[in-house]
Amino acid sequence: MFSSLTGNDRVKEVLKRMLTSGRLPGALLFVGEEGIGKKLFALEVARALNCRSPRENEACGVCSACSRIIKLNYPTSADSDDWKQMIWTNHRDVGMVVAPKRVLRVEQMRAIEREANYRPVEGNARVFIVEDADKLNDPSANALLKVLEEPPSTSHLILITARPAMLLPTILSRCQVIRFAPLSAGEIENYLTTNNLVDAKSARIRARASSGSIAKALSGDIDTFTGQRKAMLKVLEALVMTDNRVQLLRSAEQLNEAQYKDEFEERLDVLETLIRDAWMLSLGSQREQLVNEDLAKDLEPLAQKIDPTRAAAWILEIEDMREQLIVNINRKASTDALFMQMASGEIPQKRFTVK
Ligand SMILES: [Zn+2]
């Protein structure tokens with residue numbers, strides 16, 4: 001059942017409507033960040049189509065078809081030849097292809113074409129998932145187009161990608177796009193604890209470090225994130241409480257130290273979420289609405305003093321800095337300038353008018 005999947009209620013509604021009307025498109029494209037459950041949603045669609053005792057067009061989750069569809073038989077070797085084969089589930093109508101190395105191969109698309117032309121072997125519909133569809137190159141994309149042009153009515157293709165801009169327009173135009181949103185920190189925390197993946201305290205922190213991805217929540221380095229938040233909280237405190245420029249310049253320096261070089265942008269992200277949280281608290285938001293809910297105690301005194309107009313200006317400053325990072329700027333000088341500008345209390349009027 002879709003209700004057993006985490007988050008993305010709007011996507012659930014859309015898919016349920018398609019299934020109920022009997023008009024599930026022949027080709028779907030699931031777009032959204034890595035690790036937010038796109039593949040699980042695709043398998044759930046395959047289950048709904050093949051379930052032996054569906055309830056209101058949703059899979060029961062327990063019949064033999066349902067329980068076999070979620071088991072993908074990944075190759076056990078690293079041999080790329082094995083990864084070129086169709087990866088079947090334990091159900092003979094549901095399979096997936098993944099890129100053996102950096103690209104999806106023509107022969108994999110031909111395999112889909114061949115299989116899609118067969119009638120369902122044991123269920124009602126055949127479903128083929130193409131993982132990381134952005135790894136199609138021109139030849140494999142063209143091979144896939146053949147299936148997308150006239151998919152047999154009993155076969156469905158579900159393409160999955162985090163980078164839709166990499167797909168050829170001809171592929172995009174033949175798929176119905178379904179957009180997945182990042183999960184909320186609360187949804188991720190809930191997922192981690194109800195599945196007993198980590199203890200409650202660590203789930204809380206990991207969920208907040210995850211940028212909406214369960215995969216990232218599980219693989220993320222908690223110590224790094226905790227350190228980043230501590231350092232950035234100091235910056236915010238220096239800005240709001242004391243207007244402590246010495247502390248700000250020290251923080252700017254630290255942000256540019258070699259050991260944190262790779263974390264530079266992550267730290268800016270963290271600072272931005274802390275500013276937003278203090279700002280939201282100052283406007284009367286509840287603790288549960290904060291990204292850094294677990295730091296509410298540290299943020300509340302800041303919220304008492306923060307000037308909402310300045311907070312808005314700070315966020316614009318950070319956004320500007322982020323844009324400048326794309327071109328080659330001197331990070332050290334820019335960070336100093338950023339923090340001093342933020343401390344100055346001047347509101348950069350032009351930035352309110354450009355957008
Ligand atoms: Zn079932």
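No experiment lies behind these values; they were computed from the predicted model shown. (Residues numbered from 1 in each chain as written. Predicted model: local features only at pLDDT ≥ 70, side-chain atom pairs only at ≥ 80, totals over all residues. Heavy atoms only, no water.)

**A look at the overall build of the chain**
Just so we agree on the cut-off: We count a stretch as a helix when DSSP gives it H or I for four or more residues in a row; a strand needs E for two or more, and each element gets its number in order from the N terminus. Any residue under 20% of the maximum accessible area for its type is buried, any over 50% is exposed, and the rest in between are partly exposed; the area is computed with a 1.4 Å probe on protein chains only. Between two residues, a contact is recorded if the distance between any of their heavy atoms is within 4.5 Å. In this description, accessible areas are obtained by the Shrake-Rupley approach with a 1.4 Å probe, and a residue is regarded as covered only by the protein chains that are shown.
Tallying secondary structure elements over the chain gives 17 helices and six strands in all. In terms of its C-alpha atoms, the chain occupies a principal-axis envelope of roughly 70 × 40 × 40 Å. Taking all 355 residues of the chain together, 48% fall into the buried category. For the chain, the share of sequence-separated contacts (at least 6 apart) that also reach a separation of at least 24 residues comes to 67%. Only carbon and sulfur atoms are counted for the fraction: they give 49% of the accessible area of the chain, which is about 17800 Å².

**Focus: the coordination of the zinc ion**
Filter applied, for reference: Coordinating donors are taken to be N, O and S atoms lying within 2.8 Å of the metal, or within 3.2 Å when the metal is Na, K or Ca; because water is excluded from the atom set, some sites may appear incomplete. Under this scheme a four-donor centre is tetrahedral when all angles range from 85 to 135 degrees, a four-donor centre is square planar and a six-donor centre octahedral when opposite donors are above 155 degrees with the rest from 65 to 115, and any other centre is irregular.
Only Cys 51 (SG), Cys 60 (SG), Cys 63 (SG) and Cys 66 (SG) from the protein reach the zinc ion as donors, at distances of 2.3 to 2.4 Å. Given four donor atoms and angles of 101 to 118 degrees at the metal, the environment of the zinc ion is assigned as tetrahedral. In this structure Cys 51 comes out as buried when scored by relative accessible area, which is 5%.

**Quick word on helix α2 (residues 38-50)**
To keep things clear, this is the line we draw: Here, expected helix span is obtained from the residue count minus one, scaled by 1.5 Å.
Spanning 13 residues, α2 covers 19 Å between terminal C-alpha atoms, matching the ideal 18 Å at 1.5 Å per step. The element α2 is largely enclosed, with a buried count of eleven among its 13 residues. When we look at burial in α2, the residues that qualify are Lys 38, Phe 41, Ala 42, Leu 43, Glu 44, Val 45, Ala 46, Arg 47, Ala 48, Leu 49 and Asn 50. Structurally, α2 contributes buried residues whose contacts are with α1 (9-21), β1 (27-31), α3 (64-69), β3 (94-97), β4 (126-130) and β5 (155-161).

**Regarding the pattern of salt bridges**
Put simply, the rule reads: For salt bridges, the criterion is a side-chain nitrogen of Lys or Arg within 4 Å of an Asp or Glu carboxyl oxygen.
By the definition in use, this model includes 22 salt bridges. For Glu 122, the salt bridge is made with Arg 68, and the minimal N-O distance between the two is 3.1 Å. With Glu 122 in the loop between α5 (106-116) and β4 and Arg 68 in helix α3, this pair connects stretches of sequence that are 54 residues apart. Note on Glu 122: relative accessible area 27%, which makes it partly exposed. Two residues, Arg 163 and Asp 134, come together in a salt bridge whose shortest N-O distance is 3.4 Å. Of this pair, Arg 163 sits in the loop between β5 and α7 (169-172) while Asp 134 sits in the loop between β4 and α6 (138-149), placing them 29 residues apart in sequence.

**Structural notes on the pairing of β3**
The cut-off we apply is this: Here, strands pair whenever DSSP counts at least two bridges between them. With strands facing away from the observer, any crossover in which the path from the first strand over the helix to the second runs clockwise is taken as right-handed.
Residue alternation in β3 divides its side chains into two sets, Val 94 and Met 96 and Gly 95 and Val 97, and both sets are buried. Between the antiparallel neighbours strand β2 (residues 87-88) and β3 lie five residues. The pairing of β3 with β4 spans four bridges and is classified as parallel. Following the sheet pairing, Val 97 is matched in β4 by Val 130. The parallel pair β3 and β4, bridged by α5, forms a crossover whose chirality is right-handed.

**A closer look at the confidence of the model for the chain**
For clarity, the threshold we go by: pLDDT measures how confident the predictor is about each residue, on a scale from 0 to 100.
On average, residues of the chain carry a pLDDT of 87, and 96% of them reach 70 or more. Note that residues 349-355 has pLDDT below 50 and, in this model, eight contacts with residues that lie over four places away or in other chains.

**Regarding unusual backbone geometry**
The bulk of non-glycine residues show a negative phi, and the bulk of peptide bonds are trans. With a phi close to 45 degrees, Glu 56 is a non-glycine residue in the positive phi region. Turning to its location among the elements, Glu 56 is positioned in the loop between α2 and α3. Judged by relative accessible area, which is 75%, Glu 56 ranks as exposed. Residues other than glycine seldom take positive phi values, yet Asn 57 does so here, at roughly 65 degrees. Inspection of the secondary structure assignment puts Asn 57 in the loop between α2 and α3. A relative accessible area of 35% places Asn 57 in the partly exposed class.

**A few points about the side chain of Glu 115**
Looking at the element boundaries, Glu 115 is found in helix α5. Taking relative accessible area as the criterion, Glu 115 reaches 17% and is therefore assigned buried. Excluding anything up to four places from it in sequence, Glu 115 contacts Met 86, Trp 88, Arg 126 and Phe 128.

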